[in-house]
Amino acid sequence: MCSRVALQRPTLEPQTAERLLRAADEMLEQGFSFGVEIATYGAAVLTTNQAIYGGVNRFSPSHSLTLHAEQVALAHCFAHADPLILAMAITSVDQSAQPVPCGICRQLLFENARFSGYDIAVITKSQTYYLSELYPHPWPDRPPKRD
């Protein structure tokens, strides 16, 4: 990650990663796409309070209103006043591609990482990444001004 933003990598036990993946898989059953054939994604976040919150993508025919599973999981933890993320697991019914966050979701995760101080672990069934690997040049590269 950018040299101006130093983040600590969280240490996760293998059983914690498995719990997160199971929670993300459970979210797949909640997918809703208005009958359009799109991949369903599930996400689950682990907060610094050790709570797990899930989310699933919600397709919108207008496309611009589509919610990504990562966004929904983040909103879920925010709604519970538990917004600081250590890790996120992402799964999909589509096995042809690695379900990693898109650019929008990487930016949202980076903004969260800036406040939590953690280089968020992004867990898929085949690999664990850290946000700094997926998003090496975040924007902006300096903390926001605070009043």
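Please set out the overall build of the protein residue by residue, giving values where relevant.
Helix and strand counts for the protein come out as four helices and five strands. Along the protein, helices and strands appear, N-terminal first, in the series α-β-β-α-β-α-β-β-α. Expressed as a percentage of the 147 residues in the protein, the buried residues total 45%. Within the protein, contacts between residues at least 6 apart in sequence are counted, and of these 68% link residues at least 24 apart. As displayed, the protein offers around 8,200 Å² of accessible surface, 52% of which is attributable to carbon and sulfur atoms.

Go over the side chain of serine 92, please, and point to the residues and values.
Relative to the elements of secondary structure, serine 92 occurs in strand β3 (residues 85-92). For serine 92, a relative accessible area of 6% puts it in the buried group. For serine 92, the side chain forms a polar contact with the main-chain oxygen of threonine 40, separated by 3.2 Å. From its side chain, serine 92 meets the backbone nitrogen of aspartate 94 in a polar contact 2.9 Å long. Once you skip the residues sitting within four places of it in the chain, serine 92 turns out to touch Leu28, Ala39, Thr40, Tyr41 and Pro99.

Scoring rules and cut-offs
Residues numbered from 1 in each chain as written. Predicted model: local features only at pLDDT ≥ 70, side-chain atom pairs only at ≥ 80, totals over all residues. Heavy atoms only, no water. Helix = DSSP H or I, 4+ residues; strand = E, 2+ residues; numbered from the N terminus. Buried < 20%, exposed > 50% of the residue type's maximum accessible area, 1.4 Å probe, protein only. Contact = heavy atoms within 4.5 Å. Areas by Shrake-Rupley, 256 points an atom, 1.4 Å probe, with all protein chains shown as cover. Polar contact = N/O pair within 3.5 Å; in protein donor to acceptor, adjacent residues only side chain to side chain.

Don't take any of this as a statement about function, it's just geometry.
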